Amino acid sequence: MAAFNILVLPGDGIGTEVMAEVERLIDWFNGQGIARFEVERGLVGGAAYDAHGEAISEETMAHALASDAVMFGAVGGPKWDGVPYDKRPEAALLRLRKDLGLFANLRPAICYPALADASTLKRELVEGLDILIVRELTGGVYFGEPKEIVDLGNGQKRAVDTQVYQTYEIERIARVAFELARTRRNKVTSSDKKNVMKSGVLWDEVVRDLHRRDYADVQFEHILADNCGMQLVRAPKQFDVIVTDNLFGDMLSDVAAMLTGSLGMLPSASLGAPDEKTGRRKSMYEPVHGSAPDIAGKGIANPIATIASFGMALRYSFGLGEWADKLDVAIANVLDQGLRTRDIMQPGMREVSTTQMGEAIARELAALGG
Ligand code: NAD
């Protein structure tokens, strides 16, 4: 039986509530003997700041580096608004991404049929939607130098951000996209602004070259990033995997996310390079939402984003794709049965708590697995 180390970092606010529902599933997998998950727990964000004066301790970082996957809840809240910038709760997230070398951010946008009416788009446009945005996470204009505001001394200032990409950065993210497409509907759309940006010209050249060399079996198309935004709200089901840079990925993944309804439904994964010896990638899985201080402690948070993030860990870190599929079906079935947390509540449905939703999904998974 395969054994994996998971570092569980619930964080702050609803992070602890939704992560408890993932721990329920981890216990179930262990109990069934499907895999052996060794779980370490750690503090992160405001909780870590209160305990150690840092958003993440060196000891927890060491555990993260030694783990097969990090499950991250959410961090932050008004309590820590006044802490120094480099110690604020979100600093933990940036440190984890940087030290684990998590260059590939995967954001699926899946529309469960039961929730199609919660989307701002028409049901027929989003029902059954299943697309994946692969965003480059550690390069581009958010990190490029120079990055400054210069006082020109004549009453004017000049602000500069620099968009920089090297061949290897583009190639490794494109490789992730092509590999993932092969496990899905086998299509990659690469998005940039090669019509006006040199970095876009190189992006396109490198992705096309890689496609020709190693992934000619995958259907490939190019789209300008502005058109991509438009197509995502016009006809989102035309896409399978979209690969794009840090800036465009930030925007396009938020557009895609909103096709599916609530923030409480959106999972994500961040992956690093495969280890040369084991082939395993460093990885972190987290819901897209934050710590939701407005509802923390009330037991009403939707745990589905975090549970679906664990589903991505089953698929991408633990080689348990079949169980990831079952977990997706379990979530869809529970929604079909009319169970809803408050954020996705609809007339005629039954409102349930965070725990009741987690229990229902676990029960459904057990029924599917039996
Ligand atoms: P948020 O995502 O925490 O909440 C936005 C709104 O969505 C709130 O009304 C909240 O109640 C609702 N919501 C979010 N997740 C939900 C869920 N699972 N179930 C039901 N409702 C849900 O964003 P915010 O309010 O802008 O930020 C709150 C704190 O979280 C801030 O300190 C912010 O910096 C932090 N934050 C952290 C992360 C992270 O840890 N990755 C991401 C975003 C924001």
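The coordinates are above.
Remember, predicted model here, so these are calculated numbers, not experimental data. (Residues numbered from 1 in each chain as written. Predicted model: local features only at pLDDT ≥ 70, side-chain atom pairs only at ≥ 80, totals over all residues. Heavy atoms only, no water.)

## A look at the site of the ligand
Here comes step 1: Taken together, 21 residues lie around the ligand, and E90, G290, A292, D294 and N302 are the ones closest in.
Here comes step 2: At 3.1 Å from an oxygen atom of the ligand is found a main-chain nitrogen or oxygen belonging to S291.
Here comes step 3: Within the backbone of N302, an N or O atom sits 2.9 Å from a nitrogen atom of the ligand.
Here comes step 4: Bound to the protein, the ligand loses 67% of the 810 Å² it would expose on its own.
Here comes step 5: The residue inventory of the shell around the ligand, partitioned by class, reads ten nonpolar, seven polar and four charged. (Near = heavy atom within 4 Å. Polar contact = N/O pair within 3.5 Å; in protein donor to acceptor, adjacent residues only side chain to side chain. Areas by Shrake-Rupley, 256 points an atom, 1.4 Å probe, with all protein chains shown as cover. Nonpolar A, V, L, I, M, F, W, Y, C, P; charged D, E, K, R; others polar.)

## Side note on the sheet that holds strand β12 (residues 281–287)
Here comes step 1: Here ten strands make up an open sheet; going across it, the order is β2-β1-β3-β12-β11-β4-β5-β10-β8-β9 and the pairing mixed. Here the strands that pair on one side only, and so sit at the sheet edges, are β2 (36–41) and β9 (219–224). Averaged over all pairs of adjacent strands, the angle between strand axes in this sheet comes to 20 degrees, irrespective of strand direction.
Here comes step 2: One ladder, built from five bridges, connects strand β1 (residues 3–11) with strand β3 (residues 69–74); its direction is parallel. For G11, the partnering residue across the bridge sits in β3 and is A74.
Here comes step 3: Seen against the sheet, helix α7 (residues 198–214) touches β5 (130–136), β8 (187–192), β9 and β10 (241–244) and runs at an angle of roughly 160 degrees to β8.
Here comes step 4: Taken strand by strand, helix α8 (residues 225–234) contacts β5, β8, β9 and β10, and its axis lies near 105 degrees from that of β9. (Pairing = 2+ DSSP bridges. Helix = DSSP H or I, 4+ residues; strand = E, 2+ residues; numbered from the N terminus. Axes fitted to C-alpha atoms, helices over the stretch in contact; angles between N-to-C directions. Contact = heavy atoms within 4.5 Å.)

## A few points about empty space enclosed by the protein
Here comes step 1: All told, the structure shown has two cavities of 30 Å³ or more when counted by the stated rule.
Here comes step 2: Roughly 40 Å³ of internal volume is contained in the largest cavity.
Here comes step 3: Lining of the largest cavity is provided by Q163, S191, D192, K193, M197, S199, G200, W203, D245 and F248.
Here comes step 4: If you list the elements that add at least two residues to the lining of the largest cavity, you get β8 and α7.
Here comes step 5: Considering each element in turn, the lining of the largest cavity owes the most residues, three residues, to α7.
Here comes step 6: Partitioning the lining of the largest cavity into residue classes produces three nonpolar, four polar and three charged.
Here comes step 7: Counted as a void, the second largest cavity has a volume near 30 Å³.
Here comes step 8: Lining the second largest cavity are R107, P108, A109, I133, S253, A256, A257 and L266.
Here comes step 9: Breaking the lining of the second largest cavity down by element, the ones donating at least two residues are β4 (104–110) and α9 (246–258). (1 Å grid on protein atoms, 1.4 Å probe; cavity = no way out; pocket = protein on both sides within 12 Å on 5 of 7 lines; lining within 4 Å. Points joined across faces, edges and corners; volume = space filled by probe spheres on them.)

## Topic: the packing of helix α3 (residues 58–66) against helix α4 (residues 90–99)
Here comes step 1: Closest axis-to-axis distance for the α3/α4 pair is 11 Å, and the angle between their directions is 40 degrees. One element, α3, and the other, α4, form an angle in the oblique class. Two packed elements cross with a definite hand, and for α3 against α4 that hand is right-handed. Two secondary-structure elements touch here, α3 through E58, M61, A64 and L65 and α4 through R95, L96 and D99. (Parallel < 35°, antiparallel > 145°, perpendicular 65-115°, else oblique. Left-handed = near helix turned anticlockwise from the far one by under 90°.)

## Brief notes about unusual backbone geometry
Here comes step 1: Residues E145 and P146 are joined by a peptide bond in cis, for which omega reads 0 degrees.
Here comes step 2: Of note, P146 is situated in strand β6 (residues 144–151).
Here comes step 3: Even without being a glycine, N186 presents a positive backbone phi close to 65 degrees.
Here comes step 4: When you line up the elements, N186 lands in the loop between α6 (167–182) and β8.
Here comes step 5: The exposure class of N186 is partly exposed, given its relative accessible area of 24%.
Here comes step 6: You will see that A292, though not glycine, has its phi angle at about 40 degrees, which is positive.
Here comes step 7: You can see A292 is positioned in the loop between β12 and α10 (304–316). (Buried < 20%, exposed > 50% of the residue type's maximum accessible area, 1.4 Å probe, protein only.)

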